[in-house]
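Residue-level listing of the chains:
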Amino acid sequence: MTASTKKKTILVAGGAGFVGSHLCDVLLADGHRVICVDNFQTGSMDNVRALRNHPDFKLIHGDICEPIIVREQLDQIYNLACPASPPQYQADPIHTMLTSVVGTANLLKLAEKNGASFLQASTSEVYGDPEQHPQHEDYWGHVNCTGPRACYDEGKRAAETLCFDMLRTGRVDARVVRIFNTYGPRMSPNDGRIVSNLIVQALRGEPLTIYGSGEQTRSFCFVSDLVAGIVGLMNVSANPGVPVNIGNPGEFTISELADLVLEMTGSASPIKHLPLPVDDPQRRRPDIGRAKKLLDWEPRLPLSEGLALTIPWFAETLDLKLPKQRSTTIRPRSERALAAAVHS
Ligand code: NAD
Ligand code: UDP
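Heads up: these notes are all about the structure in this document. (Residues numbered from 1 in each chain as written. Chains lettered and ligands numbered in written order. Predicted model: local features only at pLDDT ≥ 70, side-chain atom pairs only at ≥ 80, totals over all residues. Heavy atoms only, no water.)

By nearness alone, 30 residues border ligand 1, and Val-19, Asp-38, Thr-42, Tyr-152 and Lys-156 come closest of all. Between ligand 1 and the protein, one listed contact pairs an oxygen atom with a backbone N or O atom of Phe-40 at 3.4 Å. Here an oxygen atom of ligand 1 and a backbone polar atom of Cys-82 are 3.4 Å apart. Burial of ligand 1 by the protein amounts to 97% of the accessible area it has alone, namely 820 Å². (Near = heavy atom within 4 Å. Polar contact = N/O pair within 3.5 Å; in protein donor to acceptor, adjacent residues only side chain to side chain. Areas by Shrake-Rupley, 256 points an atom, 1.4 Å probe, with all protein chains shown as cover.)

The structure is reproduced here in structure tokens:
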């Protein structure tokens, strides 16, 4: 912490999750006090175990759908509480919707009471199965409001509405980040998302599951890049008053990702095609012009470098050996896509 930076007390809802736990690490390393609130629905005590004895870290086991009571005077609130993986958020869809709507309203009230700045973790899912590509923040999206993804997509859209109404009415300094697919160490091996599924399957020598043709695309951001972006948005002096995309514009088909994982793990796993889930978005890539302009932010790690940090973490966590023939020089099938990730 620099001499000019005041020590803040910061609440992180969802702080025991994948992204939230990395955020807690960064905030503590910056010299702040951190209060983590989590119901452990998809989070894990392992993610915050190393912080339990930190003098500036406090853990509250609680659900944001209930009013959150904290005695400390809060300077900032980050709301990351919500399952992010489709099978996890669809497992209890009503609770997912309430987490985004009632939970966000509860935390906004807490922010108002404390005069705290508020950052809402929104999502590229607000664009649904997009008809515009890449997705700029001004695009209103293409969401099926009655489909199985709606509990998440519409919940997050409603949470954005709450944030901007609280901002417009002068009640809370609320900021909204739209997060695109993020990966890295501490993703739950069982949560069902593509990067964790493929790595775990490759390391176990099981078939790599590709839903549909594998031609659908996603753009993958390493977790440290994401956390730098959301901390940047929370602390930029003038509230942008508009949502900000944070993601890596390097766009890959799911088949390209599977090939890259096979190369980097040295796995001989076969590919197994399964049906495409209902309403699965077919293309996704962030336009990050706004983040570049307002936050001077852009991602640093291309997919190959992020995977090189992620694969060994899964191998160690699951006590699985990396096959000996694992390539050290990474030559993904699509050199073009990688170059785009590096130079975008
Ligand atoms: P995650 O599932 O690992 O973490 C979510 C955390 O929130 C977990 O610790 C979970 O136990 C907790 N939680 C869920 N519901 C809660 C509730 N009602 N009360 C208290 N705690 C609750 O997911 P993640 O990948 O770390 O995502 C973090 C946030 O970022 C989420 O809000 C998600 O919607 C958003 N996001 C993530 C991604 C991504 O690719 N990781 C993409 C878009 C948006
Ligand atoms: N997917 C896949 N195999 C898996 C898991 C996911 O082919 O084992 C696909 C999924 O259908 C989607 C993409 O990978 O097209 C990304 O899925 P994920 O659940 O990670 O996130 P989403 O962006 O859909 O929320």
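So, about the pattern of salt bridges. This structure, assessed with the given rule, holds 19 salt bridges. The salt bridge partner of Arg-283 is Glu-251, with a shortest N-O separation of 3.9 Å. Of this pair, Arg-283 sits in the loop between β13 (271-274) and α9 (289-295) while Glu-251 sits in strand β12 (residues 251-253), placing them 32 residues apart in sequence. Given a relative accessible area of 17%, Glu-251 falls into the buried group. Between Glu-298 and Lys-292 there is a salt bridge, and its shortest N-O distance comes to 3.8 Å. (Salt bridge = Lys/Arg side-chain N within 4 Å of Asp/Glu carboxyl O. Helix = DSSP H or I, 4+ residues; strand = E, 2+ residues; numbered from the N terminus. Buried < 20%, exposed > 50% of the residue type's maximum accessible area, 1.4 Å probe, protein only.)

Attention shifts here to the site of ligand 2. Lining the immediate environment of ligand 2, one finds 17 residues, of which Asn-197, Tyr-211, Arg-218, Asp-280 and Arg-284 sit closest. Between an oxygen atom of ligand 2 and a side-chain N or O atom of Asn-181, the distance comes to 2.9 Å. Within the side chain of Thr-209, an N or O atom sits 2.8 Å from an oxygen atom of ligand 2. Relative to its unbound accessible area of 520 Å², ligand 2 is 96% covered by the protein chains. Sorting the residues of the shell around ligand 2 by element identifies α6 (194-204) and β8 (208-211) as the ones contributing at least two each. The greatest single-element share of the shell around ligand 2, amounting to three residues, is contributed by β8. Of the residues in the shell around ligand 2, the class split is six nonpolar, five polar and six charged. (Nonpolar A, V, L, I, M, F, W, Y, C, P; charged D, E, K, R; others polar.)

With parallel pairing, seven strands are arranged side by side in an open sheet as β3-β2-β1-β4-β5-β6-β11. Sheet topology places β3 (57-61) and β11 (244-246) at the edges, where each strand pairs with a single neighbour. Put simply, the sheet's adjacent strands are angled 20 degrees from each other on average, direction ignored. Pairing between strand β4 (residues 76-79) and strand β5 (residues 117-123): four bridges, direction parallel. Within the sheet, the bridge partner assigned to Gln-76 lies in β5 and is Ser-117. Sheet strands touched by helix α5 (residues 150-168): β5 and β6 (174-179). Its angle to β5, the strand with the most contacts, is close to 155 degrees. (Pairing = 2+ DSSP bridges. Axes fitted to C-alpha atoms, helices over the stretch in contact; angles between N-to-C directions. Contact = heavy atoms within 4.5 Å.)

Looking now at the packing of aromatic side chains. By the definition in use, this model includes five aromatic pairs. Centroid distance Tyr-127 to Phe-180: 6.1 Å. Interplanar angle 40 degrees. Geometry classified as tilted. In this pair, Tyr-127 sits in the loop between β5 and α5 while Phe-180 sits in the loop between β6 and β7 (182-183), placing the two residues 53 residues apart along the sequence. Neither residue differs from the other here; Tyr-127 and Phe-180 are each classed as buried. Summarising the aromatic geometry, the rings of Tyr-183 and Phe-222 are spaced 5.6 Å apart at their centres and angled 70 degrees between planes, so their arrangement reads as edge-to-face. Here the residue Tyr-183 occupies a position in strand β7, and Phe-222 occupies one in strand β10 (residues 221-222), the gap between them amounting to 39 residues. Members of the aromatic cluster, each reached through a chain of ring pairs, are Tyr-127, Tyr-139 and Phe-180. (Phe/Tyr/Trp six-rings, centres within 6.5 Å; stacked < 30°, edge-to-face > 60°.)

Residues Leu-23, Tyr-78 and Leu-307 are the most contacted members of the largest nonpolar core, which totals 61 residues. With residues up to four places along the chain from it excluded, the contact list for Tyr-78 reads Ile-10, Leu-11, Val-12, Ala-13, Leu-23, Leu-27, Leu-119, Ile-230, Val-231, Met-234 and Asn-235. Core analysis: the next-biggest nonpolar cluster, separate from the first, contains 22 residues, Ile-35, Val-37, Ile-64 and Ile-68 among them. (Core = buried A, V, L, I, M, F, W, Y, C linked by side-chain atoms within 4.5 Å.)

The next point concerns the pairing of strand β1 (residues 9-13). Here β1 lies mainly inside the structure; five of its five residues are buried. Along β1, one buried face is formed by Thr-9, Leu-11 and Ala-13 and the opposite face, lined by Ile-10 and Val-12, is buried too. Sheet topology note: the β1/strand β2 (residues 33-38) ladder contains five bridges and is parallel. Following the sheet pairing, Ala-13 is matched in β2 by Val-37. Viewed along the sheet, the connection from β1 through helix α1 (residues 18-29) into β2 turns out right-handed. In the sheet, β1 pairs with β4 via four bridges, with the strands oriented parallel. Bridging across to β4, Val-12 finds its partner in Tyr-78. (Right-handed = clockwise from strand over helix to strand, strands pointing away.)

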